[in-house]
Structures are given as C-alpha cells and as structure tokens.
Amino acid sequence: MTETPTTLKEYEADLLVESVELAADDVVILTLAHPDGHTLPTWTPGAHIDLVLTDDLVRQYSLCSSPSDSHRLQVGVLRAEDSRGGSTYIHDEVAQGSTVRVRGPRNHFPLVSSPRYLFIAGGIGVTPMLPMIEEAEAVGADWELVYGGRTRASMAFISTLEQYGDKVTLVPRDESQPSLSGRIDTLLGTPRSDTLVYCCGPEALLEAVEAACASWPSGALHVERFHAKAVEGEDTAFEVVLARSGQTITVPPGQSIFHAVEELGIPVLGSCHEGVCGTCETVVLEGDVDHRDVVLSDSEKASNETMMVCVSRCRGDRLVIDL
Amino acid sequence: MTQPFHGRVATPVVVPTDCWYAVTPSSAIGHELTALRVVGRPVVLFRTSGGEAVALEDRCAHRAYPLSAGTLDGDTIRCGLCGFVYDAGGQCVHVPTQSRVPLGAHVDAYPVRESDGLVWVWFGEPGRARLHRLPELPWLADPAWATVRGEQQVAASFLLLHENFADVTQVPFVAPEISPAVLGSVPPPLQVTVSETTVSLRREFPPARMPAWQSALVGLPDTEEFATVQEGYLLSPAVWVDYWDVQTTPEAWARLRFTQLVTPIDERSSRLLWAVSRDFAVADGSATEELTAMFGNYYARVLVAMETAQGVIDLDGPGREVNVSADVVGLKIREIVEALLVEEGA
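Notes on the structure follow. (Residues numbered from 1 in each chain as written. Chains lettered and ligands numbered in written order. Predicted model: local features only at pLDDT ≥ 70, side-chain atom pairs only at ≥ 80, totals over all residues. Heavy atoms only, no water.)

**Considering the overall build of chain B**
Then comes step 1: When its secondary structure is counted, chain B shows five helices and 20 strands.
Then comes step 2: By the compact-globule yardstick of 20 Å for 346 residues, chain B fits well, its C-alpha radius of gyration being 23 Å.
Then comes step 3: In terms of overall dimensions, chain B has a C-alpha envelope of 75 × 65 × 35 Å along the principal axes.
Then comes step 4: Burial status across chain B gives 50% buried among its 346 residues.
Then comes step 5: On chain B, roughly 15500 Å² of surface is accessible, and the fraction owed to carbon and sulfur atoms is 53%.
Then comes step 6: Within chain B, one finds 25 positive and 42 negative side-chain charges whose respective centroids are separated by 5 Å. (Helix = DSSP H or I, 4+ residues; strand = E, 2+ residues; numbered from the N terminus. Rg over C-alpha atoms; globule rule 2.2 N^0.38 Å. Buried < 20%, exposed > 50% of the residue type's maximum accessible area, 1.4 Å probe, protein only. Areas by Shrake-Rupley, 256 points an atom, 1.4 Å probe, with all protein chains shown as cover. Lys, Arg positive; Asp, Glu negative; His and termini not counted. Charge placed at Lys NZ, Arg CZ, Asp CG, Glu CD.)

Okay, here's the thing in structure tokens:
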C-alpha cells in the first residue's frame, strides 16, 4: 500500500519589527515586514494574524494596515489589565528590530459587499475596521463608525479617522453622554435591510449589540471576539468517524478531537486551541455538535455544517467529519 | 442493499468577478477591435493610438449589436449598426441623428492593467480594483528565461482546471508519456501551506532520470539521476503556477515554470493561456517548436479530461464527492473562491 503523507500548515514566517509606535495610552502599533524584503500573503479587511510569542503564548491580532501594502503588516495591541501574558509580552519585550513569528493571515470577519455599513467599535476593537473603511470608501459605500473608549487619550487612530468628518462619531466615556453602550438601542433600534453591522470590542459591548440586533435580518450582524467563553457541561466520550482517512476513533473526556486526530498524523490545522481563532474549522457530515467556540454564529451552530475541532464535542455518541 | 452515501455535495460553480483575469497576451491587442467573451460578458479590446489597452462592454448602448462589429476610428469606436460613437472610457460622444447625446449612453469600461506581457482586466466592483494586487510572473518577460506558449478554449469550468493543476497525482493517469519518470514511483510527502487567499504545495523527489527532452536541452546524460523539487501556487483564482526545479549540481538548478492563466468564459467553459518557461538552454531557438508542440499536446490531453469531467456535471449535476487527505489543496481552492464570492455579495 502506498501512502502519500500530507502535511498541512499555515504560512509562517519570522518577521522583523520595523517599528513600534505608541498610538494611544497602552496601545502600540507594530509594523512587521519580511527580513528579506519578500512580499507577504495577500489578505482582505477583517483578517487577523497569530503572533507566536513563545511556544505557549500565541495571540490573535486584527490587521489594521491596508491590504494593498504587499510588504507590511500592522497590528494594534492594547496592554490588557487582565492580560494572560500576550499583550504584556508585546509591550515589554517587543521592540524595533525584534523578530516576531507570524502565522496566517486568516479571516473570519470578512467585509461582505453592501450598500451601507454601520461600524461599532469599542477600544482596540477598532483595528479591523480601518481596512474595512478604506474599502467602503473605495467602492463608494455609505458608512458610519461609532467608536467608544475610556478617554480620548486611550483611543488609537483618532487622527486617521478625523479625515472622514461626520462619518465618524467618537464616544470617549469621560466626555460623552450617553456612553457607547447607552447609544446601542438608538443606533440599532430600526432594522435596515440595506445595512450590515460590524462590531468588535469588549464582551459587554458585543453582547449588547447582539441583543439589539435580534430583530435585524439574519446575517446582518458580524462580530469578532478573541476571548473564549466559559464552557459549561461535562465532557463525554464519543466516536468520531474520519471520512477522508477512512478511520474511526473514540475521543475520551479531556481530549479534543483536534489532538486525537493530530496523534494519528492526519493533516489538520489549529492555532489557539480555545475556540477563538477559527483555524481548525472542519466540515461535519453527520452528528449533533456540542459547539463550544465563539467563532460560529447561532445559525451556523444550529446548522451543524461545521465545527471547531479544538474545543467542540458531540451531543450524542457519534460524529462524522471530513478529515 | 445499497450502501449509504457519505461525502459532501459539491456546490455549483459561480465565477468570482473581484479578480484580475489575464484575458489575452499584450501582443494580441493592437490598433484594431478584438472580441472575446470573458466572465460571462462580451468584451471588445483595442489599443489606443497612445498604446494603452482598453476593454469595453461589447454591446452598443442603443441597440443589440456588438461594438466589435463596428469601426475603430482614432481612439473611438463607431457602432456598425447605428453609428453611435464611443470614446475609450465607454462614453458615447456622438450620435448621428441629434446634437445632444442621450442620458445613459455609455457602455461599461473595465479597468485594465498590463504586466508581464499580459492584458489583465477587472470585471468586479471598479472601486475595488486598486485594492487587489496583480499576480507577479517575472519569468514571462525576463530575458534570462525562454518561454513557449499556447492558448486553448475548453468546455470546463475554471474550478475544474485549477483542481487538476493542484492535484499532482492526476498527471500520470492523464498523460503518462509526458510525466516525469519521478512520478511513476512512490510519491513523496505532499507539503501544503495555506493563508487567507492562497494555497501552495511542495514535493521533494529523490534522484531520478529527467525526461529525455529536458536532459537533451540541459546537456546531461538521460541515464543520470537528479533530485527534483516541485512547487505549485494558486496566485489568485486566475493563475496557477508550477515550479519544477531539477538540481543538476550541488549549486545549480535547471528550472521550469508552468504558468496556467485560467480565465472563465462562463460557469462551464474557460480559456487557458499556458506558458512553459525555462532558465536553461535559453538561446536554443530550435527547441521552441518542439516544446510548443509537446506541451500543447500535453495541455490538449489534460483539457479533454476536464471536458469529460464537465460533461458529467452538466448531465448529472455536481453530485456527492468523497475526499482523501491529498485533496486538501483542491478543497482549499474552493474555500478561497467561496470566500471571495461572500465578499462580493454574490
């Protein structure tokens, strides 16, 4: 029997930090380039990259530069008070001239064509919206950005956004009545069929926007979150049929499908291992998935067409997946 | 008792428009009207007196008649049926029967770029054209490389063509006499790399004989064995490139670049512009005729297989497909195209 082993990985490179710019209180913008001057992979607005800081410290950051720059990638990083180490590492250890390992780009927050957009950003959540705004301008779409933060000094990119005049509403909490969260009902009270809503920011903002969009057309709201949600429920053991490889495995409690599959040498992609980055999304052919990720929308979860194999499990005894 | 079906139902092909497509070689466009059907649209191309390539909707705004059946007069086209005159921006500038041009008298003018000896045209949202990079194919215009080319229309979707180029295992089945000896034995590991918009593959073959045509050109005995590295790249839905590099000495390589420019005519037919470029025996002009015929024959055989596959789809639908691990490249191509269609709002 001949076997053609297939290995699958994402683009990965050690990039040079060309600059570290302090863009606002506790926010730095890293500009990354290939040390040999090579072009970097093409991406589209909403894409993010992994910064592989150490073997155990991998974090996702949205790209805030222009996709038309083929030689540079830029990300904005907020020093988080409750940092698990990623943003602290970047603020304290990464400097101009450093090398940072980058993986990706990938995109679970794509800008879908629409005549009109409402962008709602909380704090560092504004970063993916900069290339989105560039594209909306280029195609002549109608758009509005409502951008909240603690104080004006804590909010990055204000000078870049000021060129767009009254398309941008800044809502620093210390200057604004009402605050951004107080405006959500007014902003989203009337569903529109010609508008897509994009939101990124702290969990409380995302939940408020999701609730306010409940009566909007399905698919109108796009959100991205890079923090996992707490998982309820115990792990059970279940069977997984690997359709492509023609094998069946049992996944015990405490082991993820991803690790069980990887152990067999089957090509599978993964990165965050907490259901946040979307890299391990796999097609489901049969079975009822116990979704534990934060990538899929409610309707995507209900359809059971795909799952994140790094965290999600099975509601019944058996899943058939296309791996 | 029938076995239950597994696998996924393939989705019908939709052609993405937000992509630069290589419509024709630059050398094919001059100061005359050329008609082509591209991405489901009739297109007329010409070069202005200043040398700039122009692509317009090949249909008069007034009545159903192709502008390509009209006359190129300076940098304007006069419709052969009604005499409406259009400038290089697609705007009607004169109608024979009144002094004022009516409202809406214009045809689409598609953004055009020329690069690497090719005319690239954008059929998507015009504002997005400048946000998408042209694929880079430097060997096509580089004097350090010699290129043989051809062009063929094929009754198969652009996706079938890409999946064939990406599936390296098809070559020994489709064209056994042209495939390198190296493909006949156990294939080496397939290394696949992905990013948001691209997929590439790499295989490193242990030493084996070169095909006779290549060893003759390189000037090495065809009984000696050399290691080969193969790489394949989806540069965009318009371009699949293969590298086949033979290591002739520890420091030197004999390199080949197969450029496959896939331009959809519609959902089930395409135009393939192919080029095979070599960086060895570049000055050997006598090889050109032989290689053009040989590779033309190879591509013709591949395209017949693709038309057979398209015939199955046309008759009985996309159907269910069972995948193997090595299909990861072709499946990623489909994901890339689907993501592009989502962004287009298709």
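**Thoughts on the pattern of salt bridges**
Residue and element names in this part refer to chain A.
Then comes step 1: Following the criterion strictly, the structure yields 36 salt bridges over all chains and no others.
Then comes step 2: Notably, a salt bridge pairs glutamate 12 with arginine 103, separated by 3.6 Å at the nearest N-O pair. Of this pair, glutamate 12 sits in strand 2 (residues 12-24) while arginine 103 sits in strand 7 (residues 99-106), placing them 91 residues apart in sequence.
Then comes step 3: Close ionic contact of arginine 225 with glutamate 203 constitutes a salt bridge, the shortest N to O distance being 2.8 Å. (Salt bridge = Lys/Arg side-chain N within 4 Å of Asp/Glu carboxyl O.)

**Quick word on the state of the cysteines**
All names here are of chain A.
Then comes step 1: All told, the structure shown has zero disulfides over all chains when counted by the stated rule.
Then comes step 2: The structure places no disulfide on cysteine 64, whose sulfur is separated from the nearest cysteine sulfur, that of cysteine 200, by 12 Å.
Then comes step 3: Cysteine cysteine 280 is unpaired, with the sulfur of cysteine 310 as its nearest cysteine sulfur at 3.7 Å. (Disulfide = S-S within 2.5 Å.)

**Thoughts on the side chain of serine 176 of chain A**
Residue and element names in this part refer to chain A.
Then comes step 1: Tracing the backbone through its elements, the reader meets serine 176 in the loop between strand 10 (168-172) and helix 4 (180-188).
Then comes step 2: Accessibility expressed as a relative area gives 9% for serine 176, which makes it buried.
Then comes step 3: In terms of polar contacts, serine 176 uses its side chain to reach the backbone carbonyl oxygen of proline 172, at 2.6 Å.
Then comes step 4: Every residue in contact with serine 176, bar those within four places of it in the chain, is listed here: Leu170, Val171 and Arg183. (Polar contact = N/O pair within 3.5 Å; in protein donor to acceptor, adjacent residues only side chain to side chain. Contact = heavy atoms within 4.5 Å.)

**A closer look at the sheet that holds strand 9 (residues 92-94) of chain B**
All names here are of chain B.
Then comes step 1: The strand order across the open sheet built from four strands is 6-7-8-9, with neighbouring strands paired in antiparallel fashion. Since the sheet does not close on itself, it has two edges, and those belong to strand 6 (71-73) and strand 9, each with one partner.
Then comes step 2: Taken together, the three bridges between strand 6 and strand 7 (residues 76-78) define a ladder with antiparallel strand orientation. Note on strand 7: the bridge partner recorded for threonine 71 is arginine 78. (Pairing = 2+ DSSP bridges.)

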